[in-house]
Amino acid sequence: MISRADADSANTETKDSSDKPFVDANDIPAFDPTTALGEPGSFPYTRGVHRTMYQQRLWTMRQFAGFGSATDTNKRFKYLLAQGTSGLSTAFDLPTLMGRDGDDPLSLGEVGRCGVAISSLADMRRLFDGIKLDQVSTSMTINAPAAILLAFYIAVAEEQGVSPDKLRGTLQNDILKEFHAQNEYVFPPQPSVDLVTDTIEYCTKHMPQWNTVSVSGYHIREAGASAAEELAFTLADGMAYVEESIKRGLDVDEFAPRLSFFFDCHNDFFEEIAKLRAARRIWAHVMRDRFGAKSERSWILRMHCQTAGVTLTEQQPMNNVVRVAFQALAGVLGGTNSLHTNSMDETFALPTQEAAKLALRTQQIIAHESNVTQTVDPLGGSYFIEKLTNEIEAKAQAIFDQIDAMGGVLSAIDRGYFRRAIAESAHKQQKQLDAGETKIVGVTDFKEDQASGIDILRITQESEDEQVARLKKLKKDRDAKRHTVALTKLKDDAKTGANVMPALIDASKADATVGEMMETMKSVFGAYSGGPEW
Amino acid sequence: MSNTQAGHATRVLLAKIGLDGHDRGVKVLARSFRDAGIEVIYTGLWQTCEATMLAALQEDVDIVGVSLLSAAHLTVMPEILRIRKQLGVEHIPIVLGGIVPDADQPKLKEMGVAAVFNPGSPLDLIIDALRELAASQQEVKLADVRAGYEKRDPRALAKLITKIQHDEDLADFKPPAGNAKIIGVTGAPGVGKSSFIAKLGRRLRDKGSKVAVVAIDPSSPITGGALLGDRLRMMAGTPDTDFFVRSLSSGGAQGALAPHCTDVIAALNGFGFDYIVVETVGAGQSDVAIRDLVDKTVLLLMPDSGDSVQFSKAGIMEIASCFVLNKCDLAGADATQAQLIGAVGDDRPVFRVSTIRDEGVDAVADWVATS
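Residues numbered from 1 in each chain as written. Chains lettered and ligands numbered in written order. Predicted model: local features only at pLDDT ≥ 70, side-chain atom pairs only at ≥ 80, totals over all residues. Heavy atoms only, no water.

## Topic: the packing of helix α11 (residues 269–290) of chain A against helix α15 (residues 383–405) of chain A
All names here are of chain A. Heads up, the rule is: In this description, a line fitted to the C-alpha atoms serves as the axis of each element, helices being fitted only across the stretch in contact, and the angle between N-to-C directions of two axes falls anywhere from 0 to 180 degrees. Per the convention used, a helix needs a DSSP run of H or I reaching at least four residues, while a strand needs a run of E reaching at least two, with both numbered from the N terminus. Between 65 and 115 degrees an angle is taken as roughly perpendicular, under 35 as roughly parallel, over 145 as roughly antiparallel, and anywhere else as oblique. Each crossing gets its hand from how the near helix is turned against the far one by less than a right angle, where anticlockwise is left-handed and clockwise is right-handed. By definition in these notes, contact holds between two residues if any of their heavy atoms fall within 4.5 Å. Classes in brief: Ala, Val, Leu, Ile, Met, Phe, Trp, Tyr, Cys and Pro nonpolar; Asp, Glu, Lys and Arg charged; the others, Gly included, polar.
The geometry of α11 relative to α15 is characterised by a closest axis approach of 8 Å and an angle of 50° between their N-to-C directions. Classed by the angle they form, the pair α11 and α15 counts as oblique. Relative to α15, the crossing made by α11 is right-handed. Along the contact surface, α11 presents Phe 270, Glu 271, Ile 273, Ala 274, Lys 275, Arg 277, Ala 278, Arg 281, Ile 282 and Arg 290, while α15 presents Phe 384, Ile 385, Glu 386, Leu 388, Thr 389, Asn 390, Ile 392, Glu 393, Ala 396, Phe 400 and Asp 404. Tallied by class, the residues present in the contact of α11 with α15 amount to 11 nonpolar, 2 polar and 8 charged.

## A closer look at the nonpolar core
To be explicit about the condition: Only buried residues count toward a nonpolar core, which is a set of Ala, Val, Leu, Ile, Met, Phe, Trp, Tyr and Cys residues joined through side-chain atoms within 4.5 Å. Exposed residues in this analysis have more than 50% of their type's maximum accessible area, buried residues have under 20%, and partly exposed residues fall in between, with area computed by a 1.4 Å probe over protein chains only.
Met124(A), Leu149(A), Phe233(A), Leu504(A) and Met521(A) are the most contacted members of the largest nonpolar core, which has 157 residues in total. In terms of residue count, the dominant contributor to this core is helix α5 (residues 146–159) of chain A (12 residues). With residues up to four places along the chain from it excluded, the contact list for Leu149(A) reads Phe92(A), Thr96(A), Ile118(A), Met124(A), Met140(A), Ile142(A) and Val514(A). Counting 41 residues, the second-largest nonpolar core is a separate cluster that includes Val145(B), Met317(B), Ile319(B) and Ala320(B).

## Some words on a negative patch on the surface
The line we're drawing: Like-charged residues within 9 Å of one another, or nonpolar side chains (Val, Leu, Ile, Met, Phe, Trp, Tyr) within 5 Å, are grouped into patches, provided each residue has over 30% relative accessible area and no salt bridge. Method for areas: the Shrake-Rupley scheme with a 1.4 Å probe, in which residue coverage is limited to the protein chains shown. A pairing counts as a salt bridge when a side-chain nitrogen of Lys or Arg comes within 4 Å of a carboxyl oxygen of Asp or Glu. The charged-residue count follows a simple rule in which Lys and Arg add positive charge and Asp and Glu add negative charge, with His and chain termini not counted at all. By convention, the point assigned to a charge is CZ for Arg, NZ for Lys, CD for Glu and CG for Asp.
A cluster of acidic residues, Asp434(A), Asp124(B), Asp128(B) and Glu132(B), forms a negative patch at the surface. With 3 residues, helix α5 (residues 123–135) of chain B is the largest single contributor of residues to the negative patch. Inspection of the secondary structure puts Asp128(B) in helix α5. Looking at Asp128(B), the relative accessible area reads 46%, which means it is partly exposed.

## Some remarks on the interface of chain A and chain B
The test is simple: By buried area we mean how much accessible surface two parts lose on assembly, using a 1.4 Å probe and totalling the loss over both. Each polar contact in these results corresponds to two N or O atoms within 3.5 Å; when the atoms are within protein, one needs to be able to donate a hydrogen and the other to accept it, and residues that are neighboring in sequence are counted only if both atoms are side-chain atoms.
Counting residues at the interface gives 57 residues for chain A and 43 residues for chain B. Between chain A and chain B, roughly 4,100 Å² of surface is buried when both sides are summed, and carbon and sulfur atoms account for 57% of that area. Where chain A touches chain B, the interface holds 2 salt bridges. As a salt-bridge pair, Asp414(A) and Lys327(B) come within 3.9 Å of each other at their nearest N and O atoms. For the pair chain A and chain B, the interface holds 9 residue pairs in polar contact (both at pLDDT 80 or more). Elements with a minimum of two residues in the side of chain A that touches chain B: α3 (94–97), α6 (176–182), α8 (218–222) and α17 (417–434) of chain A. At 9 residues, α17(A) tops the list of elements feeding residues into the side of chain A that touches chain B.

## Here's the deal with the domain arrangement of chain A
Interface size is commonly expressed as the accessible area that is lost once the parts come together. Residue and element names in this part refer to chain A. To keep it simple, the criterion reads: Segmentation of the chain into domains, including their bounds, is taken from an automatic or database domain assignment.
Splitting chain A by domain gives domain 1 (4–434) and domain 2 (463–525). At the junction of the two partners, domain 1 supplies 43 residues and domain 2 supplies 27 residues. Taken together, the two surfaces of domain 1 and domain 2 that pack against each other cover about 2,800 Å², and 66% of this comes from carbon and sulfur. Interface area lost by domain 1 to domain 2 is led by Asp 103, Ile 148 and Phe 187, which between them contribute 19%. There are 3 salt bridges connecting domain 1 and domain 2. Between Lys 475 and Asp 101 there is a salt bridge, with the nearest N and O atoms lying 3.5 Å from each other. At the junction of domain 1 with domain 2, the criterion picks out 14 residue pairs in polar contact (both at pLDDT 80 or more). Listed by contribution, the elements that provide at least two residues to the side of domain 1 that touches domain 2 are α4 (121–127), α5 and α7 (189–206).

## Focus: the pairing of strand β7 (residues 211–217) of chain B
Each regular strand shows side chains that alternate between the opposite faces of the sheet. Residues and elements named next belong to chain B. Note the cut-off: One requirement defines pairing of two strands: DSSP has to find at least two bridges between them.
Along β7, 7 of the 7 residues are buried, which leaves the element largely enclosed by surrounding structure. Of the two faces of β7, the one holding Val 211, Val 213, Ala 215 and Asp 217 and the one holding Ala 212, Val 214 and Ile 216 are both buried throughout. In this structure, β7 lies alongside strand β9 (residues 243–249), joined through 7 bridges in parallel fashion. Its bridge partner being in β9, Ile 216 is matched across the sheet by Leu 248.

## Some words on the domain arrangement of chain B
Residues and elements named next belong to chain B. When its domains are assigned, chain B resolves into domain 1 (11–135), domain 2 (140–171) and domain 3 (181–370). In this assembly, 23 residues from domain 1 lie in contact with 19 residues from domain 3. Of the roughly 1,700 Å² buried between domain 1 and domain 3, counting both surfaces, carbon and sulfur atoms make up 57%. Ranking the residues of domain 1 by area buried against domain 3 places Arg 34, Gln 58 and Glu 59 at the top, with a combined share of 31%. Inspection of the domain 1/domain 3 interface yields 1 salt bridge. Of the charged contacts, one joins Arg 246 and Glu 59 as a salt bridge, the two residues approaching to 3.8 Å between their closest N and O atoms.

## A word on the packing of helix α8 (residues 193–206) of chain B against helix α13 (residues 361–370) of chain B
Residues and elements named next belong to chain B. Close contact between α8 and α13 brings their axes to 9 Å; oriented N to C, the two are set at 60°. What the angle tells us is that α8 and α13 run oblique. Here the hand of the crossing between α8 and α13 comes out right-handed. Contacts between α8 and α13 involve Phe 196, Lys 199, Leu 200, Arg 203 and Leu 204 from the former and Val 361, Asp 362, Val 364, Ala 365 and Val 368 from the latter. Residue composition of the contact of α8 with α13, grouped by class: 7 nonpolar, no polar and 3 charged.

## As for the packing of aromatic side chains
Note the cut-off: The aromatic pairing rule takes the rings of Phe, Tyr and Trp, using the six-membered ring of Trp, and pairs them if the centres are within 6.5 Å, calling planes under 30 degrees apart stacked, those over 60 edge-to-face and the rest tilted. Comment: the charge-over-ring label is applied if NZ (Lys) or CZ (Arg) is within 6 Å of the ring centre and within 35 degrees of the ring normal.
The full count for this structure, using the stated rule, is 24 aromatic pairs over all chains. Here Phe43(A) and Tyr45(A) contribute two aromatic rings whose centre-to-centre distance is 6.2 Å and whose plane-to-plane angle is 75°, an arrangement assigned as edge-to-face. Here Tyr45(A) falls in the buried class, since its relative accessible area comes to 1%. When the ring of Tyr185(A) is compared with that of Tyr528(A), the centres are 5.4 Å apart and the planes differ by 70°; the resulting orientation is edge-to-face. Taken together, the positions of Tyr185(A) in the loop between α6 and α7 and Tyr528(A) in the segment after α21 (514–525) put the pair 343 residues apart, joining distant regions of the chain. A connected cluster of aromatic rings, assembled from ring pairs, spans Tyr149(B), Phe173(B), Phe244(B), Phe271(B) and Phe273(B). It is Arg152(B) that lies over the ring of Tyr149(B); its NZ or CZ is 5.8 Å from the centre. Seen from the ring of Phe271(B), Arg152(B) lies directly overhead, with NZ or CZ sitting 5.5 Å from the centre.

## Observations concerning the confidence of the model for chain B
Residues and elements named next belong to chain B. Here is the rule we go by: Note: pLDDT gives the predictor's confidence per residue, expressed from 0 to 100.
Looking at chain B as a whole, its pLDDT mean stands at 86, while 89% of the residues score no less than 70. A low-confidence stretch, residues 1–6 (pLDDT under 50), is modelled with 12 contacts involving residues beyond four sequence positions or located in other chains. With a pTM of 0.87, the predicted complex shows an ipTM of 0.80.

## A closer look at the sheet that holds strand β8 (residues 226–228) of chain B
All names here are of chain B. Strand order in the open sheet made by the 6 strands is β5-β4-β3-β1-β2-β8, with parallel pairing throughout. Strand pairing shows two members of the sheet lacking a second neighbour, β5 (115–117) and β8, which therefore form its edges. Strand-to-strand twist across the sheet, computed as the mean angle between neighbouring axes with direction ignored, equals 20°. With 5 bridges connecting them, strand β3 (residues 63–68) and strand β4 (residues 94–98) associate as parallel partners. In the sheet register, Ser 67 faces β4, and the bridge partner there is Gly 97.

Next comes the structure, spelled out in structure tokens:
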């Protein structure tokens, strides 16, 4: 489930401690708009990655969807396309996210529950039935088994007569934040990152329109990090992927343009706008100055944003519609390239069709009625916004220095740095809430007794039983010899350190399941049970 | 009020069951409970219902708290209640935290879930509810514990350990002498003691031996609360009643051993375990107290720790019966091994292990079994 309503509050880190009730030029003493901002579409891209931004092209309204069987989700995809959504975004169920098949004992009760269950190429085929893969852009939120799901997608496209270079979309494929926050890791950190690098290498050579990694701060923030931590940890992860890919022998300007980022849009309106602006500025400098990228396309940070699931409350759920609207507006004013708005019922379950539609309408109202799109970066030059942007950049820089001093991201993971920092921030926010220092409308204040009374989506247990039965049949009917040969090849490639993508594509075609391919790689890479926790 | 009626810290096992990785809530609660003087055993991610309830039995907790944010509550909770009955620990109340629609709450209560806490439940309300549940539990009589212990009932063993920890009067009850080989495992924080013990314990168990593990974690001298997290490394593998793990809080004791550690080991020994592995807090240089309690001491180190030479000055090197260089998948293993042999000589074995890759543990298990 993507959203959760742990009591949370806006981070108060950036509150001004001075008595002055306003911000003025004294708060940004060395501010030089030429170097700090540049024009929109030019270095350091603080104001946006395109010169015209939303005047010529609105952000992509990409609504995350997936539940039950592949057939159920296929119907939702077709509905969303008909409603004017401009890209598909796939939510997988927990077993798939963890690289396990639906019939694995740990999958009990979770098949198709929080996303769609995809265990084999046959499932993927049903998921995109009747959708031409050269006509849509598809985002897949998947990490540890990302390479396998990409292999399925490539294989389905091939069956449709679509070659890999025609495919457009995004693989989340960001394993580092799993170690920090979301916990959907399987292999130890180093081989996990090697696998990500395999996909970067493969896509750089064969899928030039594919976004290889969506480096994600969303989950880090939802797990409790402050805005500055979200920003810094995410960009540090991005730098780690760049370093690993350069080590692999790739030219930075060949792969860097296909990295994208994914941030949370939380409650603190101006802080969030500042965070997105700072992200672009930091990344442009890092890519040009630290990694020596020459292409402007490597310097620009393209981002997707999602409103903060953690801020939604089950009490008075209609209030969530309002929260989402403000958070979405922050994303737009921060210059996001793509946006997902949460549905008001997501504290309870996956969204109903009606709730998902209302969330999309919220974006459409911002885009077409509010007129905030009339000029690029309308808040640029505001004393307050520029001050916040500078501050969050400085905080991020201090965190980069700490991580560098620890020997980089992987070494910091080994020391438990990220998990400890995030858990401490989460604990601090809870204490502020308990002490009444922060408020949540309808929860800590302005409470009502009546029950929510909204309809929620129910996934039936039958959905799980059917998936398990399909999987049993697949395992029985497939060509056993071809299957064994393909998995043996996968194991050999994993052992020798070859890029595993071709072997994964072959294994997919041989009807190997997600769980089987993961187990095969686990036998070489090892399994990870987590780093230091406290 | 930090304690239950009897004046002892309430003991709560917090579990995440299934594949859901949303652990923000459970970790915030773990820290808050600790601050409120509760002893928390957190079993980590990806647990089965069976492993969770077996852990609850062995740890003799007052309450099990299950965290579920995957909407699987109507599938998972009946299963956990079924296993609770099967294991005969129906006295342990089970509470649920997570996203539970209002309509499901009566169903859960009816099937036997003691309480359901939704996101946004105030912390003090949760803590009060836990204390009340813990306080309402009936005291188990020493005679019953003794009878159960003599029949080799693991529930009685778990309860006996609790009584020992609580300084209860055990009258004339003394566990019989046993034949266990007692192994101490120590080393600096972060070298991977718990993960190593989990693997070592499994290897010994696979040879048919009965294995008990005592994991000692620090507790807060101020609130009496503790976060006992070692167990989460030991949850892998099939749940098994002859693999008994008990987490103890150090109670602020010096030398990194928990009070009553001697008596707890005696209780395990008399119960018939073949091996008792004692993991200490990892206080490193001052951690030599373990020597008096054990037959063998295993010192864990890791590559490039830079601490390895320092150890040689600290006395801990002298008491080690063998050295395990863990995390040998990391760079620098050769150099650290050479450094180690340079410091301590080569009359005691040095094992190279990678628990992540599951390499090298067999050799240690063989050494433990034969030396």
